[in-house]
Amino acid sequence: MNFWSFISNPDRWIRGHIRRGVKQALLGDVIAEYKGERGEHKASKAADKALAGHNAISMCDVYLPWPDGRTAQIDQIIIADSGIYVLEVKNYKGWIFGNERNQYWTQVLTTGIRGESIKNRLYNPIKQNETHISCIRRNIRDYTVPIHSVIVFSNESEFKDVTYYSPDVYVVYQSRLKSTLRDIDNQYKGILSDEDIERISAKLTMAASSTDKSNHVQKVHASQDIRREREARGVCPRCGADLVVRTAKSGPNAGSKFLGCSRYPECRYTRNIE
Ligand SMILES: [Zn+2]
């Protein structure tokens, strides 16, 4: 089982993605290859190398259906012999405060202006990933496999007070992702056979193909209820993705901070910071 060689360099991919600030680009090369197998996208050379000869299967930016028609957007799923890894990537800078039991976590950013800081509320990513995991379990029904919840924060963030209790939940910096995955892999090795991995991946692929990604992203006119619920959760009211703090690069407000959708440029929602 070559899970480890497959995953040996996630840091680099994720760092590249963080630099561009585009959440969907996470392990973009790998998913391009994955989709390429189904003839949907051109396979990239980088991905050929990453996946060649390995049995772990990685799916990025996966949209899975709930029975009620909603869709869960999952940054990355890796199916390996040590179980299913569900990654939620948080592209945040600044200080992070959060407790597993709280509904919201807090990001504190210094503005560089007279030591002032901005507080931003984010929906508890552990709860968010729990929902993703329930959705995965629902879609692979007859398999009871360990599912590892891995929340990855940017190296530019700093955990000030981040507390969690559940087994099989990990909140890590990108720079620790590799060693964290390696530890989990050592602990759970050999739980799934190659056949299991294939079957689970087939189920998830089939489920994902039943959702319409573009429809999900472009549903700009979400119902008022959905918008309100998203506003309350502190995520993008248009598409439900995370909001991130950005700095205006040009125009009359150059240099000022605002909240923008992490799916930019796919979603162009922005809002002033109060
Ligand atoms: Zn959005």
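In this report, we go over the structure that sits alongside the text.

Quick notes on the rules
- Here the residue numbering is sequential within each chain, running from 1 through the sequence in written order.
- Reporting in this predicted model follows two pLDDT cut-offs: at least 70 for local features of residues, and 80 or more for side-chain atom pairs to be given and counted; totals over whole chains, interfaces and linings ignore these cut-offs and use all residues.
- Heavy atoms from the whole structure form the basis of all side-chain values; hydrogens and water molecules are not counted.
- Between 30 and 60 degrees the pair is tilted, below 30 it is stacked and above 60 it is edge-to-face, where a pair is any two Phe, Tyr or Trp rings, Trp via its six-membered ring, whose centres lie within 6.5 Å.
- Helical segments are the DSSP runs of H or I of at least four residues, strand segments are the runs of E of at least two, and each set is numbered from the N terminus.
- Each residue is placed in one exposure class: buried if its accessible area under a 1.4 Å probe, protein chains only, is under 20% of its type's maximum, exposed if it is over 50%, and partly exposed if it falls in between.
- When the NZ atom of lysine or the CZ atom of arginine is within 6 Å of a ring's centre and also within 35 degrees of its normal, the charge is said to sit over that ring.
- Metal donors: N, O and S atoms at distances within 2.8 Å, or within 3.2 Å for Na, K and Ca, with water omitted from the atom set so that some sites may seem incomplete.
- Each label reflects the angles at the metal, where four donors whose angles all fall between 85 and 135 degrees are tetrahedral, four or six donors whose opposite pairs open beyond 155 degrees and whose other angles stay between 65 and 115 are square planar or octahedral respectively, and the rest are irregular.

### Structural notes on the packing of aromatic side chains
Each pair of aromatic rings is reported with the distance of its centres and the angle of its planes.
And then number 1: Per the counting criterion, the structure on display carries 5 aromatic pairs.
And then number 2: Pairing Y92 with F153 gives two aromatic rings, centres 6.4 Å apart and planes at 35°, and the pair type is tilted. In this pair, Y92 sits in the loop between β3 (83-90) and β4 (94-99) while F153 sits in strand β7 (residues 147-153), placing the two residues 61 residues apart along the sequence.
And then number 3: On the numbers, 6.3 Å between centres and 75° between planes, the contact of Y104 with Y123 is edge-to-face. Of this pair, Y104 sits in strand β5 (residues 104-110) while Y123 sits in strand β6 (residues 117-123), and the two are 19 residues apart along the sequence.
And then number 4: The exposure class assigned to Y104 is partly exposed, which follows from its relative accessible area of 24%.
And then number 5: Three or more aromatic residues link up through ring pairs in this structure, and these residues are Y92, W105, F153, F159 and Y173.
And then number 6: Here the guanidinium or amino end of R101 rests over the ring plane of Y165, the centre of that ring lying 4.1 Å away.
And then number 7: Sitting above the plane of the W95 ring, K160 keeps its charged end 4.5 Å from the centroid.

### Focus on the coordination of the zinc ion
When a metal holds four donors in a tetrahedron, each ideal angle between them is 109.5 degrees; when it holds six in an octahedron, the ideal angles are 90 or 180 degrees.
And then number 1: Taken together, the protein donors to the zinc ion comprise C236 (SG), C239 (SG), C261 (SG) and C267 (SG), at separations of 2.2 to 2.3 Å.
And then number 2: For the zinc ion, the 4 donor atoms in the first shell make angles of 101 to 117° at the metal, so the coordination geometry reads as tetrahedral.
And then number 3: Its relative accessible area of 1% is what places C261 among the buried residues.

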